[in-house]
Amino acid sequence: MSVEFHALTKQGTWTLVPYAPHMNVIDNKWVHKVKLNVDGASLVYLLVYVDDILINVSNTRLISNLNKVFSLKDLGPIHYFLGVEIYCDTTGMYLTQTKNITDLLPRLHMEGAKSCPNPTSSTTKLSLTNGEPFPDITLYRSTLGAL
């Protein structure tokens, strides 16, 4: 964690300050891009989550240029990134949250839950005034944060 903090401070990315009630806290944000060269030969995969960036590219010159501006660390082949499993083969890159969800279910006492293609009801109408609030707000927030 100290390496990441030092890199962010060095780049002037952010300044750590004490929380105050009037502040807006940055929520979980994902940004992703897939870029093709004009000839379609070279792919660049970029995943960004707040201050964690994953770049998967065969062009080593691009990485060298980015490393001149940012503090980069090569972690080798990617298998897992922020709760997302990543599997690569000759046909492409596949992303899944199966492990993340499997680890999350026991925390929610839902080990026996069955999977379904669409986990929401198309007939249920949501309302701010009808229904019961989730009894454990901390568990609710940590569950949403884990997704």
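Scoring rules and cut-offs
- Residues numbered from 1 in each chain as written.
- Predicted model: local features only at pLDDT ≥ 70, side-chain atom pairs only at ≥ 80, totals over all residues.
- Heavy atoms only, no water.
- Helix = DSSP H or I, 4+ residues; strand = E, 2+ residues; numbered from the N terminus.
- Buried < 20%, exposed > 50% of the residue type's maximum accessible area, 1.4 Å probe, protein only.
- Contact = heavy atoms within 4.5 Å.
- Areas by Shrake-Rupley, 256 points an atom, 1.4 Å probe, with all protein chains shown as cover.
- Phe/Tyr/Trp six-rings, centres within 6.5 Å; stacked < 30°, edge-to-face > 60°.
- Pairing = 2+ DSSP bridges.

Caption draft 1: Focus on the overall build of the chain. Helices and strands together make up the secondary structure of the chain, namely four helices and six strands. Each helix and strand of the chain, placed in order from N terminus to C terminus, yields the pattern α-β-β-β-α-β-β-β-α-α. Burial status across the chain gives 12% buried among its 147 residues. Of all intrachain contacts in the chain linking residues separated by at least 6 positions in sequence, the fraction that spans at least 24 positions is 32%. When the accessible surface of the chain is totalled, it reaches about 12800 Å², and 60% of it is carbon and sulfur.

Caption draft 2: Main features of the side chain of Asn100. Position of Asn100 among the secondary structure elements: in helix α3 (residues 98-107). The exposure class assigned to Asn100 is buried, which follows from its relative accessible area of 13%. Residues in contact with Asn100, not counting those within four places in the same chain, are Tyr80, Gly83 and Ala146.

Caption draft 3: Spatial organisation of the packing of aromatic side chains. With the rule as written, the count across this model stands at two aromatic pairs. Look at Phe134 and Tyr140: their rings are 5.5 Å apart centre to centre, the planes differ by 45 degrees, and that puts the pair in the tilted class. On the basis of relative accessible area, Phe134 is assigned to the partly exposed category, the value being 44%.

Caption draft 4: Just the sheet that holds strand β6 (residues 92-96), in detail. Ordered by their spatial adjacency, three strands build an open sheet running β4-β5-β6, and the pairing between neighbours is antiparallel. Of all strands in the sheet, those bounded by a partner on one side alone are β4 (80-81) and β6.

Caption draft 5: View of the pairing of strand β5 (residues 84-89). Of the pairings in the sheet, the one linking β4 to β5 comprises two bridges and is antiparallel in character. Bridging across to β5, Tyr80 finds its partner in Glu85. What sits between the antiparallel neighbours β4 and β5 is a turn of two residues, in which Leu82 has the positive phi angle 50 degrees. Note: β5 against β6, five bridges, orientation antiparallel. Bridging from a neighbouring strand, Glu85 pairs with Thr96 of β6. In this structure, the hairpin formed by β5 and β6 is closed by a connection of two residues.

These figures come from the coordinates and say nothing about function on their own.
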